[in-house]
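Close look at the chain arrangement
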Amino acid sequence: MLRLRDIMTTDVVTVSPDATLREAAELLAGHHLSGMPVTAGSKVVGVVTASDLLTFDATRPPVPTERTEDVDWGDALEPGVEEDAEREEVPPASYYTELWDDAGADVVARMDSAGGPEWNVLDEHAVAEVMTRSIHAMTPDQPVEAAADLMRRMAVHRVLVMEGEQVRGIVTTTDIAGAVADHKLQVRTYVFPGARPW
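Presented here is an overview of the structure given in this document.

Here is what the cut-offs are and how they apply
Residues numbered from 1 in each chain as written. Predicted model: local features only at pLDDT ≥ 70, side-chain atom pairs only at ≥ 80, totals over all residues. Heavy atoms only, no water. Helix = DSSP H or I, 4+ residues; strand = E, 2+ residues; numbered from the N terminus. Contact = heavy atoms within 4.5 Å. Pairing = 2+ DSSP bridges. Axes fitted to C-alpha atoms, helices over the stretch in contact; angles between N-to-C directions. Buried < 20%, exposed > 50% of the residue type's maximum accessible area, 1.4 Å probe, protein only. Arc of directions from axis to C-beta. Lys, Arg positive; Asp, Glu negative; His and termini not counted. Salt bridge = Lys/Arg side-chain N within 4 Å of Asp/Glu carboxyl O. Polar contact = N/O pair within 3.5 Å; in protein donor to acceptor, adjacent residues only side chain to side chain. Right-handed = clockwise from strand over helix to strand, strands pointing away.

**Considering the environment of aspartate 52**
Tracing the sequence through the fold places aspartate 52 in helix 3 (residues 50-59). Once you skip the residues sitting within four places of it in the chain, aspartate 52 turns out to touch Val47, Val130, Met131 and Thr132.

**Considering the sheet that holds strand 4 (residues 158-163)**
Across the sheet, which stays open at both edges, the three strands sit in the order 3-4-5 with mixed pairing between neighbours. A strand with exactly one partner marks an edge of an open sheet, and here the two such strands are strand 3 (137-138) and strand 5 (166-172). Two elements, strand 3 and strand 4, share two bridges in a ladder whose sense is parallel. Opposite methionine 138, over in strand 4, you have valine 161 as the bridge partner. Sitting on the sheet, helix 8 (residues 144-154) touches strand 3, strand 4 and strand 5, and the angle it makes with strand 4 is about 130°.

**Here's the deal with the environment of phenylalanine 56**
Counting through the fold element by element, phenylalanine 56 comes out in helix 3. For the pair phenylalanine 56 and leucine 21, spaced 35 residues apart in the sequence, the C-alpha separation amounts to 9.6 Å. Those residues in contact with phenylalanine 56 that lie beyond four places of it in its chain are Leu21, Val121, Leu122, His125 and Val130.

**Let's talk about unusual backbone geometry**
A positive phi angle is found at histidine 32, which is not glycine, with a value near 55°. Along the chain, the position of histidine 32 falls in the loop between helix 2 (21-30) and strand 1 (35-40). Of the residues examined, histidine 32 reaches a relative accessible area of 74% and is grouped as exposed. Of note, alanine 155 is a non-glycine position whose phi angle comes to about 55°, a positive value. Assignment of secondary structure puts alanine 155 in the loop between helix 8 and strand 4. The exposure class of alanine 155 is exposed, given its relative accessible area of 64%.

**Observations concerning the pairing of strand 2 (residues 43-49)**
Strand 2 sits mainly inside the fold: five of its seven residues count as buried. Summarising the sheet, strand 1 and strand 2 pair through six bridges and their orientation is antiparallel. Pairing of threonine 39 across the sheet is with valine 44, part of strand 2. What sits between the antiparallel neighbours strand 1 and strand 2 is a turn of two residues, in which glycine 41 has the positive phi angle 70°.

**With respect to helix 9 (residues 173-181)**
Looking only at helix 9, the buried set comprises Asp175, Ile176 and Ala179. For helix 9, the angular spread of the buried residues around the axis is 95°, confining them to a single face. Opposite the buried face of helix 9, at more than 90 degrees from it, the exposed residues are Thr174 and Ala181. Buried residues belonging to helix 9 abut helix 1 (4-7), helix 8 and strand 5. Taken from the residues just after helix 9, histidine 183 is the one with a positive phi, measuring 60°.

**Re the side chain of aspartate 175**
Its location among the elements puts aspartate 175 in helix 9. Buried aspartate 175, no salt bridge; nearest opposite-charge side chain is arginine 158, N-O distance 8.9 Å. At a separation of 2.9 Å, a polar atom in the side chain of aspartate 175 contacts the main-chain amide nitrogen of threonine 172. Setting aside anything within four residues of it in sequence, one finds aspartate 175 in contact with Ile7, Thr9 and Ile170.

**A short note on the pairing of strand 4**
Most of strand 4 is tucked away, with five of its six residues classed as buried. For the crossover that starts at strand 3, traverses helix 8 and ends in the parallel strand 4, the hand is right-handed. When strand 4 meets strand 5, the two strands line up antiparallel, connected through six bridges. Paired with glutamate 163 across the bridge in strand 5 is glutamine 166. Between the end of strand 4 and the start of strand 5, which pair antiparallel, lie two residues, with glycine 164 showing a positive phi angle near 65°.

Shown next, in the form of structure tokens:
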């Protein structure tokens, strides 16, 4: 019987609950992961996933905008030499000044500097704000089929492999798919002469 210890990844990437969302995103992207345990010291306190980061980003309020007039792009003409000269003297962000005049800040200054919180939202929030606090864990000796069943029931893509409070590894849906593709989960039926079918 194939056990979790046989397919788990032992080099587990973790992140602190105090890390910024940008740091978490960089870890996920840099290691090609979709999720990782969140640890405070040696204790696992949650899991953060790419889905958590996307959900956070999708639910935060956008920069308010108000368009006062519709532009008929069919009337746009190719600029002449005079218009090109005038355009060179206008700050690059001036187009957005009219669109964002209700945003509550000097738009030209905001466009010139990407240091404001509206441009670095991921730097302004911590992993603890978005992580999932429920931990799905199993021991290294449990069968792979049990992990697959848990993932299906709980609609998760990873199970931590733990002994006590120590993380020994992680098993993902990719690990299980690899075991299936490599025929490691084959069920063998032994037929004995004269045995009756069940």
